Amino acid sequence: GIQVEQSPPDLILQEGANSTLRCNFSDSVNNLQWFHQNPWGQLINLFYIPSGTKQNGRLSATTVATERYSLLYISSSQTTDSGVYFCAVVPLYNFNKFYFGSGTKLNVKP
Amino acid sequence: DAGVIQSPRHEVTEMGQEVTLRCKPISGHDYLFWYRQTMMRGLELLIYFNNNVPIDDSGMPEDRFSAKMPNASFSTLKIQPSEPRDSAVYFCASSVRGRGDEKLFFGSGTQLSVL
């Protein structure tokens with residue numbers, strides 16, 4: 001199946017810093033989403049972004065489908081941004097099956 | 001909308017017992033997914049349904065696992081008999097396709113501990 005690789009695996013930031021998380025995938029996709037799993041385990045959908053750029057407050061995401069990667073930007077990080085960020089993709093050859101990366105664990109220190 | 005609703009939030013049982021996890025998807029969503037999350041294996045897709053019909057159950061670990069979706073607003077995941085290695089967080093998720101913004105929404109999960 002499709003390979004989804006996220007980097008870095010772990011990230012420690014001081015509150016107020018900016019960061020970029022990366023998701024690489026090995027095949028063409030028709031769906032890509034970013035999720036945040038908070039320290040209580042809840043998975044929150046951040047972006048549906050199969051291509052292009054979107055922004056939501058301090059978060060923005062860009063997907064370059066032709067080059068098979070997506071980036072999640074976090075600006076002016078806050079302690080509430082801590083948790084694990086997952087990228088999930090749906091390959092063209094399996095229209096409905098989501099494949100998740102292993103995540104980036106973010107710890108924002110006050 | 002209340003979102004995807006799962007029950008119970010926590011389940012502790014003994015090896016060999018039957019476990020039933022429940023899920024109510026978001027109204028109007030036509031896809032329902034069951035995932036399992038462990039530290040070792042991350043998020044694994046177990047099975048998914050489209051319009052109440054199971055489409056892909058290739059992720060179901062073995063015959064001890066079964067899932068049903070009798071109607072558009074309810075699904076169950078059953079483990080019988082349960083084993084300690086089944087201990088994990090089980091998530092249900094739903095989505096709707098063909099309307100542009102095809103986000104996947106997760107429930108709060110069921111933390112299963114099999115002793």
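This text goes with the structure placed above it.
These numbers were taken from a predicted model, which means no experiment stands behind them.

1. Some remarks on the overall build of chain B
Alright, step 1. On a plain count of helices and strands, chain B comes out with 0 helices and 11 strands.
Alright, step 2. Listing the helices and strands of chain B from first to last along the sequence gives β-β-β-β-β-β-β-β-β-β-β.
Alright, step 3. A globule of 115 residues ought to have a C-alpha radius of gyration of about 13 Å, and chain B, at 14 Å, matches this closely.
Alright, step 4. In terms of overall dimensions, chain B has a C-alpha envelope of 45 × 25 × 25 Å along the principal axes.
Alright, step 5. Residue burial in chain B is summarised as follows: out of 115 residues, 48% are buried.
Alright, step 6. In chain B, of all internal contacts separated by at least 6 residues, the share reaching a separation of at least 24 is 54%.
Alright, step 7. When the accessible area of chain B is evaluated, it comes to approximately 5,700 Å², of which 49% is carbon and sulfur surface.
Alright, step 8. In chain B, 12 side chains carry a positive charge and 14 a negative one; their mean positions are 4 Å apart.

2. What to know about the interface of chain A and chain B
Alright, step 1. If you look at the interface, chain A gives 18 residues, while chain B gives 18 residues.
Alright, step 2. With both chains or domains summed, chain A and chain B bury close to 1,600 Å², and 53% of this area falls on carbon and sulfur atoms.
Alright, step 3. Seen at the junction of chain A and chain B, the total is 1 salt bridge.
Alright, step 4. Across the pair lysine 97 of chain A and aspartate 56 of chain B runs a salt bridge whose closest N-O atoms are separated by 3.2 Å.
Alright, step 5. Between the two partners, chain A and chain B, sit 6 residue pairs in polar contact (both at pLDDT 80 or more).
Alright, step 6. Elements with a minimum of two residues in the side of chain A that touches chain B: strand E4 (29-37) and strand E5 (43-48) of chain A.
Alright, step 7. The element contributing the most residues to the side of chain A that touches chain B is E5 of chain A, with 5 residues.
Alright, step 8. Across the side of chain A that touches chain B, the residue classes break down as 9 nonpolar, 8 polar and 1 charged.

3. Some points on the sheet that holds strand E1 (residues 4-7) of chain A
All names here are of chain A.
Alright, step 1. In space, the 5 strands of this open sheet follow the order E1-E3-E8-E7-E6, with antiparallel pairing throughout. At either end of the open sheet lies a strand with only one pairing partner, and these are E1 and strand E6 (52-56). Direction aside, neighbouring strands of the sheet carry axes that sit 15° apart on average.
Alright, step 2. Pairing analysis gives 6 bridges linking strand E3 (residues 19-25) to strand E8 (residues 69-74), with the strands arranged antiparallel. By the bridge assignment for E8, asparagine 24 is matched with tyrosine 69.

4. Examining unusual backbone geometry
Alright, step 1. Of the consecutive residues serine 7 of chain B and proline 8 of chain B, the connecting peptide bond is found in the cis state with omega at -10°.
Alright, step 2. With respect to the helices and strands, proline 8 of chain B occurs in the loop between strand E1 (5-7) and strand E2 (10-13).
Alright, step 3. The phi angle at arginine 68 of chain A is positive, at roughly 60°, despite the residue not being glycine.
Alright, step 4. Counting through the fold element by element, arginine 68 of chain A comes out in the loop between strand E7 (59-64) and E8.
Alright, step 5. For arginine 68 of chain A, a relative accessible area of 33% puts it in the partly exposed group.

5. Looking at the state of the cysteines
Alright, step 1. Under the defined criterion, the tally for this structure stands at 2 disulfides over all chains.
Alright, step 2. One disulfide bridge connects cysteine 23 of chain A with cysteine 87 of chain A, the sulfur atoms lying 2.0 Å from each other. Disulfide cysteine 23 of chain A-cysteine 87 of chain A: torsion about the S-S bond near -60°, hence left-handed. Here cysteine 23 of chain A is found in strand E3, whereas its partner cysteine 87 of chain A is found in strand E9 (residues 83-91), with 64 residues between them in sequence. Across this residue pair, the class does not change: cysteine 23 of chain A and cysteine 87 of chain A are buried.
Alright, step 3. Bridging cysteine 23 of chain B to cysteine 92 of chain B, the disulfide has an S-S length of 1.8 Å. Linking cysteine 23 of chain B and cysteine 92 of chain B, the disulfide has an S-S dihedral of approximately -65° and is accordingly described as left-handed. Placement of cysteine 23 of chain B in strand E3 (residues 19-24) and of cysteine 92 of chain B in strand E9 (residues 88-95) is noted, with a sequence separation of 69 residues between them. The two residues cysteine 23 of chain B and cysteine 92 of chain B agree in class, both being buried.

About the thresholds
Residues numbered from 1 in each chain as written. Chains lettered and ligands numbered in written order. Predicted model: local features only at pLDDT ≥ 70, side-chain atom pairs only at ≥ 80, totals over all residues. Heavy atoms only, no water. Helix = DSSP H or I, 4+ residues; strand = E, 2+ residues; numbered from the N terminus. Rg over C-alpha atoms; globule rule 2.2 N^0.38 Å. Buried < 20%, exposed > 50% of the residue type's maximum accessible area, 1.4 Å probe, protein only. Contact = heavy atoms within 4.5 Å. Areas by Shrake-Rupley, 256 points an atom, 1.4 Å probe, with all protein chains shown as cover. Lys, Arg positive; Asp, Glu negative; His and termini not counted. Charge placed at Lys NZ, Arg CZ, Asp CG, Glu CD. Buried area = accessible area lost by both parts, 1.4 Å probe. Salt bridge = Lys/Arg side-chain N within 4 Å of Asp/Glu carboxyl O. Polar contact = N/O pair within 3.5 Å; in protein donor to acceptor, adjacent residues only side chain to side chain. Nonpolar A, V, L, I, M, F, W, Y, C, P; charged D, E, K, R; others polar. Pairing = 2+ DSSP bridges. Axes fitted to C-alpha atoms, helices over the stretch in contact; angles between N-to-C directions. Disulfide = S-S within 2.5 Å.

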